[in-house]
Amino acid sequence: MMNSLATALSDFFFEYETPRQVLVRNKHIGVVCRLVQLAVLGYIVGWVFLYEKGYQSTGSAVSSVLTKMKGVGFTRVNGTERVWDVADYVFPEQGDSSFVIMTNYIMTEGQRQGTCPEPSDQGLCKSDRDCDEGKFKRTGHGQMTGKCVNETGTCEVFAWCPIEHDREIPNPPLLMSSENYTLFIKNSITFPQFQVFRSNLVEGIDNKYLKSCIYNEEKDRYCPIFRLGDIVKLANFEFSAIAREGGTIGIIISWECNLDLPIKYCRPEYQFHGLYRSVEEEESAKASVGYNFRYAKYYMEGGVEKRTLIKVFGIRLDITVRGEARKFDIIPTLTAIGSGVGIFGVATVVCDLVLLHVLPKKNLYKNMKFKYTVSQEED
């Protein structure tokens, strides 16, 4: 018993086993083997290393966006002239990454709380009973009083009067001059994993350059100042159409940085996308087209609270930052090489299948590759 155990331990520590190899001189097998190996090599070099950058580690970005609009608009409505500056047409005014630029509006001045008739487009009434029975939908203007106003043939409501009439949207848009407004975007970004800090004010951009540049895809692709009309055009919208009823445009600032190269090549790319439904869609496909909201300016007059209600139609801009940095790292490199070496075993599997199951001399190759032994245990 002790001798058997000693023999087993001796065999385990002092013997080495190696697979039996058979050299087969066959053109078909040789060609198949080399083609499979070539395909695997192409996958490792072309896909894993060149396309997927398997030799680099990746890091995500942390960023901030500051915006500033410039431009002045002028309107003349019913003989009233008005100048609109940044404080009037940008909502909110803090310079956030998501904001609205007013391009059209409906203004209702001198509203005060009281009773007044509903607009005629809300339905006609013949008697107070019609209003009491609620035959007409509530539009959100106010609370019905149950009276029918004979002069207008509509129900009376307790609301902010006079009631806003917003069925007819001004066309052309009242602030068509907004096409020439400019947007300045300041984007700061960092890749914490690599301790790299960048700004979209890249090398070559100084105060002198900023005073004259306007973003252009071909000539000034790194200029951070954008003309609103150009943004709309790059998003595949017609400015006159989107300015009338409003819409939403997404601006994507993309950072794809290879930190194995000099840091000056880490630069942003700008993309513009039209979001939500376009005002140019066919009438049958329209549903809640455009973008609008209301806000009011309150004041006191003769001891009575009044307000000016403005329904704003505008272009909403949503700025999103995407960033990814890559840099050489020995760990993913060795991992990619190791997995590639393992994939080379596919060539052996394919060739063995052809050799042992397809070729005419498959039985001969089987006898050469495998050695069969028969052992009997005697009592």
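Just so you know, these numbers come straight off a predicted model, no measurement behind them.

### Re the UniProt feature "transmembrane region" (unreviewed entry) in the protein
The UniProt record marks residues 29-50 and 336-359 with the feature "transmembrane region" (unreviewed entry), using the residue numbering of this structure. Helix makes up 100% of residues 29-50 and strand makes up 0%, while its end C-alpha atoms are separated by 30 Å. Its end C-alpha atoms 35 Å apart, residues 336-359 is made of 88% helix and 0% strand.

### Quick notes on the nonpolar core
Core analysis: the largest hydrophobic core is formed by 44 residues, its most contacted members being Phe191, Ile249 and Leu317. The element best represented in this core is strand β15 (residues 304-328), accounting for 6 residues. Apart from the residues lying within four places of it in its own chain, the contact partners of Phe191 are Gly59, Ser60, Ala61, Val196, Trp255, Cys257, Cys266, Gly323, Glu324 and Ala325. Among the nonpolar cores identified, the runner-up in size contains 13 residues, and Ile44, Val48, Ala347 and Leu359 belong to it.

### Brief notes about the state of the cysteines
On inspection of all chains with the given rule, the structure shows 5 disulfides. Disulfide pairing places Cys125 opposite Cys148 at an S-S distance of 2.0 Å. When the S-S torsion is 95°, as for the bridge of Cys125 with Cys148, the disulfide is right-handed. Taken together, the residues span a long stretch of sequence, with Cys125 in the loop between β6 (98-117) and α4 (128-132) and Cys148 in strand β7 (residues 142-149) at a distance of 23 residues.

### Here we look at the packing of helix α2 (residues 27-51) against helix α9 (residues 345-357)
Look at α2 against α9: their axes get within 9 Å of each other, and the N-to-C directions meet at 155°. Classified by the angle their axes make, α2 and α9 are roughly antiparallel. Seen from above, α2 lies across α9 with right-handed handedness. Residues Ile29, Val32, Cys33, Val36 and Gln37 of α2 touch α9, and the partners they reach there are Val346, Ala347, Val350, Cys351, Val354 and Leu355. For the contact of α2 with α9, the class distribution of residues is 10 nonpolar, 1 polar and no charged.

The rules behind the values
- Residues numbered from 1 in each chain as written.
- Predicted model: local features only at pLDDT ≥ 70, side-chain atom pairs only at ≥ 80, totals over all residues.
- Heavy atoms only, no water.
- UniProt positions renumbered as here; feature names shortened; annotations may be inferred.
- Helix = DSSP H or I, 4+ residues; strand = E, 2+ residues; numbered from the N terminus.
- Core = buried A, V, L, I, M, F, W, Y, C linked by side-chain atoms within 4.5 Å.
- Buried < 20%, exposed > 50% of the residue type's maximum accessible area, 1.4 Å probe, protein only.
- Contact = heavy atoms within 4.5 Å.
- Disulfide = S-S within 2.5 Å.
- Axes fitted to C-alpha atoms, helices over the stretch in contact; angles between N-to-C directions.
- Parallel < 35°, antiparallel > 145°, perpendicular 65-115°, else oblique.
- Left-handed = near helix turned anticlockwise from the far one by under 90°.
- Nonpolar A, V, L, I, M, F, W, Y, C, P; charged D, E, K, R; others polar.

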